[in-house]
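Understanding the architecture of this molecule
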Amino acid sequence: MKRIGIYAKRSNPAAIVVAREVTSWLQGKGVEVFLDERLAADMGDYQGYPAGSIPAMVHLIVVLGGDGTLISVARKVGDLRTPILGVNLGSLGFLTEITLKELYPVLERVIEGEFEVTTRLMLEAVVRRDGQEVGRYRVLNDVVINKGAIARIIDMEVTVDSDYLTTFKADGLIISTPTGSTAYNLAAGGPIIYPGLHCLVISPICPHMLTNRPIIVSDEAIIRVEVKFQDEDVVFTADGQVGMPLHGGDVVEIRKSRSSSLLIKSPSRDFFEVLRTKLHWGAR
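Here is what the cut-offs are and how they apply
Numbering of residues starts from 1 in each chain and follows the order in which that chain's sequence is written. Only residues with pLDDT of at least 70 get local features here, since the model is predicted, and only at 80 or more are side-chain atom pairs given and counted; chain-wide, interface and lining totals rely on the full set of residues. Where side-chain values are given, they derive from all heavy atoms of the structure, hydrogens and water being excluded. Helix and strand definitions here come from DSSP, where helices need a minimum of 4 consecutive H or I residues and strands a minimum of 2 consecutive E residues; each element is numbered from the N-terminal end. Two N or O atoms count as a polar contact when they lie within 3.5 Å, although within protein this holds only if one can serve as hydrogen donor and the other as acceptor, and sequence-adjacent residues are included solely when both atoms are side-chain atoms. In this analysis, two residues are considered to be in contact whenever any of their non-hydrogen atoms come within 4.5 Å of each other. Here a strand pair is declared whenever DSSP counts at least two bridges between the two strands. Note on method: axes are straight lines fitted to C-alpha atoms, helices fitted across the in-contact stretch only, with angles between N-to-C directions ranging 0 to 180 degrees. What sets the label is the angle itself: under 35 degrees gives roughly parallel, over 145 gives roughly antiparallel, 65 to 115 gives roughly perpendicular, and the rest give oblique. When the near helix sits turned anticlockwise from the far one by under a right angle, the crossing is termed left-handed; a clockwise turn instead gives a right-handed crossing. Three residue categories are used. Nonpolar comprises Ala, Val, Leu, Ile, Met, Phe, Trp, Tyr, Cys and Pro, charged comprises Asp, Glu, Lys and Arg, and polar comprises the others, including Gly.

The next point concerns the side chain of Ser260. Here Ser260 is to be found in strand β18 (residues 251-264). A distance of 2.5 Å separates the side chain of Ser260 from the side chain of Arg81, its partner in a polar contact. Apart from residues no more than four positions distant in its own chain, Ser260 is found in contact with Gly78, Arg81, Thr119, Arg120, Leu121 and Met122.

What follows covers the sheet that holds strand β14 (residues 215-218). The strands making up a sheet associate through backbone hydrogen bonding, with each pair oriented either parallel or antiparallel. One open sheet holds the six strands; their spatial order is β14-β13-β12-β9-β16-β17, and the pairing between them is antiparallel. Where the open sheet ends on each side, the last strands, each with one partner, are β14 and β17 (242-246). Going across the sheet, the axis of each strand differs from the next one's by a mean of 15°, ignoring polarity. Examined bridge by bridge, strand β16 (residues 234-238) and β17 share five bridges and lie antiparallel to one another. Counterpart to Ala238 in the pairing with β17 is Val242.

So, on to the packing of helix α1 (residues 13-28) against helix α4 (residues 103-111). Taken N-terminus to C-terminus, the directions of α1 and α4 make an angle of 40°; their axes are 12 Å apart at the nearest point. The pairing of α1 with α4 is recorded here as oblique in orientation. Helix-helix and strand crossings are classified by hand; for α1 and α4 the assignment is right-handed. Taken together, the residues of α4 that come into contact with α1 (itself represented by Val18, Glu21, Val22, Trp25 and Leu26) are Leu103, Tyr104, Leu107, Glu108 and Ile111. Considered class by class, the residues forming the contact of α1 with α4 number eight nonpolar, no polar and two charged.

Shown next, in the form of structure tokens:
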């Protein structure tokens, strides 16, 4: 691990400080450091590189921030499968499992090649309008179709591998990976899915029919959602970070991406410990 990229949550002043310290520490170990150009500008007199170019230039990426920062970086990595070490600067994250206190001992081991990764599947979502592709997105957590502030209930016709599932009448719909199952899916009443399972979950948001419930399908399935509405404010979002407005009749097609994310596992805690900590299981 002689070439390492660093991204950080730039809105957090502590992240800038830690980025300087980590850069100095890595350089002292003979590691070449590649900084996101905006982060480099925040840090002062440092050389920076375009954010999208770094994954192809390095052997490892360190993310300083929270889960949202890591998710945005995972989309940049794409097909390159560059391992990502997520360091949470606040409370423990579902994805950023490494605490600041653990950072340097873990980095020491990683530089020597002593680490394990967990492979997280990603999705590819395509938006089509009148048969033409108008948007394509790579997704780690979830795809969400959601109504605007004053929109009425949306009708969404869903098929799975060309088989008709149902027409959801709801405030929206979430199609989530196992990684994203602890995000919006969980808040909407969907199940927590172990990260290593090969499946997706379809969860309606506030469905009009009380019998509509989340359903788990194979990650090999192709999910097709046709939105049916007139003059409503409806939006498509990927990972809650990027997206576009939808028109009536638009079709969103979701399938497993050829890309996957490699996240370096914490040597001191497993997924279930993260769940217990984040969700306060066992507390009274």
